[in-house]
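Residue-level listing of the chains:
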Amino acid sequence: MSAPGKPRSHGRVQPVVSLQPRDLMADSRRVAGAWRAKVITLFPQAFPGTLGLSLTGRALDQGLWALDPIDLRSFGEGKHRNVDDTPAGGGAGMVLRADVLARALSVAAQGTPADRGQWPIIYLSPRGRPFTQARAQALAQGAGMTLICGRFEGLDQRVIDHFGVEEVSLGDFILSGGEIAAQALIDATVRLIPRVLGNQASTEEESFSEGLLEHPHYTRPASWQGRDIPEVLLSGDHGKVADWRRDMAERLTKERRPDLWRAYCEAHNRDPDGDQEL
Ligand code: SAH
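Residues numbered from 1 in each chain as written. Predicted model: local features only at pLDDT ≥ 70, side-chain atom pairs only at ≥ 80, totals over all residues.

Novice: Is there a simple way to think about the overall build of the protein chain in this case?
Specialist: For the protein chain, the count of helices and strands is eight helices and nine strands. In the protein chain, of all internal contacts separated by at least 6 residues, the share reaching a separation of at least 24 is 73%. (Helix = DSSP H or I, 4+ residues; strand = E, 2+ residues; numbered from the N terminus. Contact = placed C-beta atoms within 7 Å.)

Okay, structure coming up:
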């Protein structure tokens, strides 16, 4: 710490730490009508977070999608901007108030289509329907979405019912808040927006896209720690490589995800108990 009144000796500009997330909104490069996520959160400074890096970050800078964090605290009650209260009926924890959330949702609704198919309102919640690649595809086709990040015990049920809020879960575990889940949802969706990923073909081959887990990958060196790259991958025979990859994908799916395997077999008229012809 430098003494008061003395200039800093480092000769460097100190970065200004702002509580505002990166000013993505005032961004004139934004593509008109770009896909947009509005995120209601008590922690707007958590955004864009990892979404600001790499492919999603570059696409955000280019205006291929847009992000509006909405600070729930600013809609709170009274001098202390209270957003939560004790659960009716007693018990541990706190519940986010319906009236406070309603104010935030009304602001979020400005300029968005009322059709929930085009613009769903999603509460990240362990009680929700599990998130899938198919849902990410569907979300990427829409105009955008409003996400609500829960904290504490979650939201007052009435706001969920009143606004037709859909609950979506990341999996059967409990996070301390919805922010990480929201970022996961946005990341999975944004990378499916055309031009966000440099190589769009790669999304067509990855796990879940065809109902199978992806085959294993290898790269140089050809031999490492006594382990060699499977010969077929070095054969230059594209047909054989494709067959091998499909066989591996099927075998992995059958072993690890019997649920996916059954669905895949049903869709392709195959016997799930039949051999893999490997
Ligand atoms: N009492 C709740 C859990 C609250 S956890 C229950 O038992 O269902 C606090 C917040 O974290 C939630 O409101 C939700 O927004 C988020 N969260 C926790 N786990 C999650 C999950 N698996 N998927 C999505 N969001 C989750």
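Novice: I tried to follow the site of the ligand on my own but got confused; where do I start?
Specialist: The immediate surroundings of the ligand are formed by 18 residues, with Leu 124, Gly 150, Leu 175, Gly 178 and Ala 181 found nearest. Ranked by residues supplied to the shell around the ligand, first place goes to strand β5 (residues 121–130) with four residues. In terms of residue class, the shell around the ligand is built from eight nonpolar, seven polar and three charged. (Near = placed C-beta within 6 Å. Nonpolar A, V, L, I, M, F, W, Y, C, P; charged D, E, K, R; others polar.)

Novice: Sorry if this is basic, but what is going on with the sheet that holds β5 here?
Specialist: Across a sheet, strands are paired by hydrogen bonds formed along the backbone, either parallel or antiparallel in direction. Taken together, the five strands give an open sheet; going across it, the order is β2-β1-β6-β5-β7, and neighbouring strands pair in parallel fashion. Among the strands making up the open sheet, the edge pair consists of β2 (65–71) and β7 (166–169). Neighbour-to-neighbour, the strand axes of this sheet turn through a mean angle of 35°, independent of strand direction. Taken together, the five bridges between β5 and β7 define a ladder with parallel strand orientation. Bridging from a neighbouring strand, Tyr 123 pairs with Glu 167 of β7. (Pairing = 2+ DSSP bridges. Axes fitted to C-alpha atoms, helices over the stretch in contact; angles between N-to-C directions.)

Novice: Teacher, can you tell me more about the environment of Ala 138 here?
Specialist: Relative to the elements of secondary structure, Ala 138 occurs in helix α3 (residues 133–141). The exposure class assigned to Ala 138 is partly exposed, which follows from the 14 C-beta atoms found within 10 Å. For the pair Ala 138 and Gln 118, spaced 20 residues apart in the sequence, the C-alpha separation amounts to 9.5 Å. (Buried ≥ 20, exposed ≤ 12 C-beta atoms within 10 Å, placed from the backbone.)

Novice: For this particular structure, what's the right way to read the confidence of the model for the protein chain?
Specialist: Detailed reading of the predicted model is not advised wherever pLDDT is low. Residues with a pLDDT of 70 or more make up 87% of the protein chain, whose mean pLDDT is 90. Note on residues 1–20: pLDDT under 50 across the span, and four contacts to partners over four residues away in sequence or across chains. Taken as a whole, residues 22–29 scores under 50 in pLDDT and shows nine contacts with residues more than four places along the chain or in a different chain. (pLDDT = per-residue confidence, 0-100.)

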